[in-house]
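Chains, contacts and geometry: an overview
Take a look at the letters that make up each chain.
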Amino acid sequence: MATLIIRRLGQAVPSLFIITFIGFALLSLAPGDPLTARLDREALVRMTPEQRTEAREALGLDEPFPVQYWHWLTDLVQGDVGYSIVSGRPALEEIGDRVEPTLILLVAAIAIAVAVGVPFGILAARRPNGFLDRTLTGAAVAMISTPTFIVGLVLIYVFAIRLDVLPAGGMGVAGEPPSTSQTFRHAILPSLVLGLANAAPLARFARSGMLEVLASDYVRTARAKGLSGRAIMMRHGLRNASLPLITLIALLIPDLVAGAVITEQVFAWPGMGRLVVSSAQSADPAVMMAIIVMVAVVVILVNLAADILYVFVDPRLRVS
Amino acid sequence: MTQEIEAGAATLSEAPTARRAGDLLRDIAANRFALAAAAFLVLMALLAFIGPLVLPLEPYKTNLSRLDEGPSWDHLLGTDQSGRDTFARCILGARTSLIVGFSAVAIYLVIGTLLGSLAGYLGGVVDMIVSRTVDALLSIPLLLLVTVFIAFLKPGVLTVILVIGLLGWPPTARITRAATMSLRESDFIIAARVSGLTKNRIMRGHVLPNLAAPLIVVASLGIGTAILLEAALGFLGLGVRPPTPSLGVMVTEAKDPVILRNSPWIWMPPAVLLALLVMAVNVVGDALRDVLSPRQGGTAGL
């Protein structure tokens, strides 16, 4: 088990390193004076030309590429990711305000995706190619093929405009202090869009996982000794098929984040997705860089954690 | 993206069997749903590429006396807020989708196949670098990656194609690497090696031809993803710029609640067409996967 964990760590570390290259490449692509994305705007305005030259030297901006990268990386790991050229605030502060809304959205969406996708996948596996299976296959293909923003607009059209029962966007009522009940009401449509979009792949995984378990020797034994279909499904099928779920949710996180970028835009949800789009529209390098590095690090760490957790949950992996 | 990797991997479990093209066509024809999807794609391609030459389509002509109108005989799907014909713009928008989908995937297939097969065949440091780069790039959602890199570039169709093409190769590389590694240990490659063929010739003559099946699957599903990306970029205001028609940009009109509520003919046709286009590509891709990996055949994967 220890070797397995060490091997996975050995894969994660170089990947994390390569991500910093991607982030740095992005910054290097940005036009204009790199100083503006690295220093406080007010301080920058007050600087004399000599001080600017000094600052450039301190950041290694005139040095060869590897040296620049090294200076930047040491700043990065100390939490100094630079400044937004739009607001002039540190990029990290800018992102900090947006983390909570995005987390609310992601957690709600995962809950919906699991609650919808897993039961449907398992039901579909009971009779492969049966009516339910075919219907669900069709629904899953339709869900995967329809762009998230279209699903979002249709839900706004139905629930906010025609029926007028749910708010069309935002996270609360303008002019009122934020309240949990309002946040909940505003979160329903966006998390439904994001959750349903990811229920389809989860159902697909749950179905194939369940089919695999049902074809195994121990299920045949259970059937041979006369256990009822229900007992087999619940005790043997479900328990074993739910193991890979941890890994699956971890694997879905990149798709969820991509979906969140679009969903937040459709519903004016004030999260990181909206921030990354607005900073792309205004070509704000430090904020974009910080967000993609953050997302990548989280995804890699979550996958690492899922793999390690999996070893603890599945006794078979502990032996080999 | 996970969907593509999984689907491509499904074809790997098979030994490289020589299935004739005739069998393949017969199997695809047996799946009537996939056949209908393929027919729809052919029809759309004809409309999009030949239609503008033979039909009286005027996607750019504004008509100030007929703004924001519902469907009529003159304008089958109505007009937009500048009085432009929605039908013509949908056709041209579908053309943009198809061009971006096919070209972007063509670019990343070349890059991904090259890097993946090199990593799988050579192993060692090359493999380490390619595999870890793939992991790193896959940990950032492609939409996010494309969004941030496109921010500094001149907007347009070519930019969208290049950005998706240059950043979308990791799934292809991962599949190709796995396929190459399993091929490397197969008897006919070992035989080729023993008979003294150079690495270069083995790669070109034996490894690459046998990668065709998984690559066809990855490519067909990838086209759907690329079309969705183009539309999403259009929606975010980072993709193709007006007046070039793009289905994603057309749907974006519905961000205005008044249009969303009162003028469904402006945003519904491009929305439906976009979904149908991607669905057709995905259905054909799924059928190809089922046909090319017979072991999974029959249980049309959910």
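Here the structure is a predicted model, which means the values were calculated and not measured.

1. Comments concerning the environment of Leu61(A)
All names here are of chain A.
- The residue leucine 61 is located in the loop between helix 4 (49-59) and helix 5 (65-77) in this model.
- For the pair leucine 61 and leucine 196, spaced 135 residues apart in sequence, the C-alpha separation works out to 47 Å.
- If we ignore the near neighbours within four places in the chain, the residues touching leucine 61 are Pro34, Arg56 and Gln68.

2. Focus: the UniProt feature "transmembrane region" (unreviewed entry) in chain A
- Cross-referencing UniProt, the feature "transmembrane region" (unreviewed entry) maps to residues 12-30, 103-124, 136-163, 243-267 and 287-313 of chain A in the present numbering.
- Along residues 103-124 of chain A, the helical share is 100% and the strand share 0%, with 31 Å between the first and last C-alpha atoms.

3. Observations concerning the interface of chain B and chain A
- Contact residues are listed per partner, giving 43 residues for chain B and 55 residues for chain A.
- For the side of chain B that touches chain A, the elements supplying multiple residues, two or more each, are helix 1 (2-10), helix 6 (124-138), helix 7 (142-150), helix 12 (212-235), helix 14 (257-262) and helix 15 (264-292) of chain B.
- Looking at side-chain class alone, the side of chain B that touches chain A contains 30 nonpolar, 10 polar and 3 charged residues.

4. Things to note about the environment of Leu115(B)
- As for its position among the elements, Leu115(B) is in helix 5 (residues 86-122).
- Through-space distance from the C-alpha of Leu115(B) to that of Pro257(B) is 47 Å; in sequence the pair is 142 residues apart.

5. Some words on the UniProt feature "domain: ABC transmembrane type-1" (unreviewed entry) in chain B
- Per the UniProt entry, the sites bearing "domain: ABC transmembrane type-1" (unreviewed entry) are residues 94-285 of chain B in this numbering.
- For residues 94-285 of chain B, the helix share is 82%, the strand share is 0%, and the end-to-end C-alpha distance is 19 Å.

6. Quick notes on the packing of helix 13 (residues 272-281) of chain A against helix 7 of chain B
- In contact at an axis separation of 8 Å, helix 13 of chain A and helix 7 of chain B are set at 25 degrees when each is read in the N-to-C sense. Put simply, helix 13 of chain A runs roughly parallel to helix 7 of chain B. Once helix 13 of chain A is placed against helix 7 of chain B, the crossing between them reads as left-handed. Facing helix 13 of chain A, whose interface residues are Val276(A), Val277(A) and Ala280(A), helix 7 of chain B presents Leu144(B), Thr147(B) and Val148(B).
- Split into classes, the residues belonging to the contact of helix 13 of chain A with helix 7 of chain B amount to 5 nonpolar, 1 polar and no charged.

Rules and cut-offs
Residues numbered from 1 in each chain as written. Chains lettered and ligands numbered in written order. Predicted model: local features only at pLDDT ≥ 70, side-chain atom pairs only at ≥ 80, totals over all residues. Helix = DSSP H or I, 4+ residues; strand = E, 2+ residues; numbered from the N terminus. Contact = placed C-beta atoms within 7 Å. UniProt positions renumbered as here; feature names shortened; annotations may be inferred. Nonpolar A, V, L, I, M, F, W, Y, C, P; charged D, E, K, R; others polar. Axes fitted to C-alpha atoms, helices over the stretch in contact; angles between N-to-C directions. Parallel < 35°, antiparallel > 145°, perpendicular 65-115°, else oblique. Left-handed = near helix turned anticlockwise from the far one by under 90°.

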